[in-house]
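Chain by chain, the residues:
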Amino acid sequence: MLNVKGVSYAYRGKKALDQVSFTLGEKKITALIGPDGAGKTTLLKVMAGLLRPSSGEVNGKDGMSLGYVSQFFGLYGEMSVQENLHFYGRLNGLTFRESTQRIEELLHWTGLESVIHREAGALSGGMKQKLSIAAAVLHRPDLLLLDEPTNGVDPVSRREMWRLLQSVAEGGTQIFAATQYLDEAAYCGRVILLHQGRILVEESPQQLLRDFPFRLLVIREAGHERVKWMDRIRKELTTGEVFSKGRDLYILHREGMSIQGRIKAILPSDKGLSLEEVEPGYEEVFTQRFQDADGGESR
Amino acid sequence: MIQLQSITKKFGDYTAVDQVNLSVEQGEICGLIGANGAGKTTLIRMMCGLLLPDGGEGRVLGFDIRHQQKAIRQQIGYMSQKFSLYPDLTVEENLRFYAALYGIHQGLEKRIASQIEAFRLEEVRQERVGRLPGGWLQRVAFASAQLHSPPLLFLDEPTSGVDPVTRRAFWEQLYRLADEGTTILVTTHVMDEAERCDHITMMNQGEVVAEGAVNQLKKEFARDEHTPLATLDELFIQLTGKGDHDGG
């Protein structure tokens, strides 16, 4: 069981991590979510033992095997898929026979069978990522650390990637994945929100949704006057946020029912616009947490 | 602003773009959606005046995409996925470089100052671009693409690598520009970006497979007419079947 205790990390006089503590326990998959510069990569590197914390410690790693998938493609571009996997097997102390058997299993799992002889450098983004994961789990590590594994891949590949990670987790590997896709929380038993080097919250994503105190209203098809109304509605609100998504305008608030009437008074009556209440999702929950932490901007 | 009819582009035997029609009105944010290798970049390059089509007709800002490529290039703004900034130059030097490229001489100082203010770049003005994190790079790139106040902006995955708070703020800027009349074409394979467009055109293997307003498409492709698709992810998966056509 990995135990991160009071970990801080300073770089060029700036605190990248500030008193971070948590334990990886029975929850099989943990998502680390945070804005750019929150310290996600630094935390992963500290957990992997690639960086030594300025203070605090990471306990429980003795005898624990690790897999690490970084943001950058770390495999050999001019070697084939199969060669790369054998190479990683060797690095992790597997015999050729063990490797061969495990590689066969992983190729099947990842759907990389059809490209085993292709140069790794010639694979698409999604396939490279799958190969990176396969290489990192060849030796069935106790803990797999991933730094934004689905960044820049399309929805089909993203879903396949998470299915792959779920089966890796079922095989007994703890998964700790940094991500920028908020909806991916749905695949995880727990999320840790990191902001400016500090943990804002550590909780199951479903619980965070249940505890969310804001309500969400939407004006469908607000069209090309959305910004004008956005600015006006913002003045009406003492809590929450107004934002546009395509032609729809969203109002996140924690005010009384009177807000609906006040918003309707702003909207022109002749355009057939309606105000509808919808369920907030992970995006609203997390974005609001981060904005609250930024302070000031969200009222 | 953009009118394309049966635009086709081949590279040898490979048809990268196959008889694509596209129409984008002024003030619209149009999303060109597809997996890697779907033909988005090839199509964009033809619209920007960087590549000649093999077949079909097209006009961008009223200019012919075959014969008036230079005029198109001067009038559009383009922000690439890789941001095309010079890592060894500072933020301000990059802006000056792009201003020179777009031929801005009159009111240069004022324009640079106003972009630095509008994009809150004051604190990194003298920083080398190569040392800035992703969110900042995106802001510098966007400020550069808009130095000459172009009526038409091409943005290639503008927010694919940035965090949700920054993404939301960036899109608010796009909505402001669009509502004031700027036409914006966004290419992306990130459905969260696609959801934010007014209209989308979805491509697969060089062809257009769906086209329309986001809300409309979610209804049209729903299994049951009363419950529209919750996300565009589902539409993408339905229409492209398999997303990642391992390069191409």
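Residues numbered from 1 in each chain as written. Chains lettered and ligands numbered in written order. Predicted model: local features only at pLDDT ≥ 70, side-chain atom pairs only at ≥ 80, totals over all residues. Heavy atoms only, no water.

As annotated in an unreviewed UniProt entry, chain B carries the name ABC-2 type transport system ATP-binding protein and comes from Marininema mesophilum.

Under an unreviewed UniProt entry, the name given to chain A is ABC-2 type transport system ATP-binding protein, and the organism recorded is Marininema mesophilum.

### Looking at the sheet that holds strand 4 (residues 55-59) of chain A
All names here are of chain A. Operational definition: Between any two strands, at least two bridges found by DSSP are needed for them to pair. Secondary structure elements are defined from DSSP: runs of H or I of at least 4 residues count as helices, runs of E of at least 2 residues count as strands, and each element is numbered from the N terminus. In this description, a line fitted to the C-alpha atoms serves as the axis of each element, helices being fitted only across the stretch in contact, and the angle between N-to-C directions of two axes falls anywhere from 0 to 180 degrees. Contact definition: two residues touch when any of their heavy atoms are within 4.5 Å.
Read across the open sheet, the three strands follow the order 2-1-4; overall the sheet is antiparallel. At either margin of the open sheet sits one strand with a lone partner, and together these are strand 2 (14-24) and strand 4. On average, each strand axis in the sheet is inclined to that of its neighbour by 20 degrees, with strand direction left out of account. Contacting strand 1 (2-11), strand 2 and strand 4, helix 1 (residues 40-48) crosses the sheet at an angle of about 55 degrees to strand 2.

### Things to note about the interface of chain B and chain A
Filter applied, for reference: By buried area we mean the combined loss of accessible area, with a 1.4 Å probe, across both parts when two parts are placed together. We define a salt bridge as a contact between a side-chain nitrogen of Lys or Arg and a carboxyl oxygen of Asp or Glu at a distance within 4 Å. In protein, a polar contact requires one atom able to donate a hydrogen and another able to accept it; more generally it is a pair of N or O atoms within 3.5 Å, and residues adjacent in sequence count only if both atoms are side-chain atoms. Gly counts as polar in this scheme, as do all residues outside two lists: the nonpolar Ala, Val, Leu, Ile, Met, Phe, Trp, Tyr, Cys and Pro, and the charged Asp, Glu, Lys and Arg.
Of the residues lining the interface, 38 residues belong to chain B; the matching set on chain A comes to 42 residues. For the chain B and chain A pair, buried surface summed over both sides reaches about 3,400 Å², with 48% attributable to carbon and sulfur atoms. The interface formed by chain B and chain A contains eight salt bridges. Across the salt bridge formed by Glu172 of chain B and Arg234 of chain A, the nearest N and O atoms sit 2.9 Å from each other. Across the chain B-chain A interface, the total number found is 13 residue pairs in polar contact (both at pLDDT 80 or more). Within the residue set of the side of chain B that touches chain A, elements represented by two or more residues are helix 5 (134-145), helix 6 (164-179), helix 7 (191-194) and helix 9 (232-240) of chain B. Per-element tally for the side of chain B that touches chain A: the top contributor is helix 6 of chain B, with eight residues. Its residues assigned to classes, the side of chain B that touches chain A comprises 12 nonpolar, 11 polar and 15 charged.

### What about the UniProt feature "domain: ABC transporter" (unreviewed entry) in chain A?
Selection rule: UniProt positions are given in the numbering used here, feature names are shortened, and annotations may be inferred rather than shown by experiment.
The UniProt entry lists residues 2-221 of chain A under the feature "domain: ABC transporter" (unreviewed entry), expressed in the numbering used here. Counted over residues 2-221 of chain A, helix gives 32% and strand 29%. Its end C-alpha atoms are 49 Å apart.

### Description of helix 3 (residues 91-101) of chain B
Residue and element names in this part refer to chain B. Under the convention used in this document: Each residue's exposure class comes from its accessible area (1.4 Å probe, protein chains only) as a fraction of the maximum for that residue type: buried when under 20%, exposed when over 50%, partly exposed otherwise. As used here, the arc belongs to the directions running from the helix axis to the C-beta atoms.
Taken residue by residue, helix 3 has Val91, Glu92, Asn94, Leu95, Tyr98 and Ala99 as its buried positions. Buried residues of helix 3 fall within an arc of 160 degrees about the axis and therefore sit on the same side. Facing away from the buried side of helix 3, by more than 90 degrees, are the exposed residues Ala100 and Leu101. The inward-facing, buried residues of helix 3 contact helix 4 (108-118) and helix 5.

### So, the environment of Val91 of chain B
Residue and element names in this part refer to chain B. Along the polypeptide, Val91 turns up in helix 3. Each C-alpha atom, one on Val91 and one on Leu121, is 8.0 Å from the other, the two residues being 30 residues apart in sequence. Ignoring sequence-local partners within four residues, the contact set of Val91 consists of Leu121, Val124, Arg125, Glu127, Val129, Leu132 and Val140.

### Notes on the side chain of Lys245 of chain A
For Lys245 of chain A, the location among the structural elements is in strand 11 (residues 241-245). Overall, Lys245 of chain A belongs to the buried group, its relative accessible area being 16%. If we ignore the near neighbours within four places in the chain, the residues touching Lys245 of chain A are Tyr250 and Glu283 of chain A together with Tyr175, Asp192, Glu195 and Arg196 of chain B.

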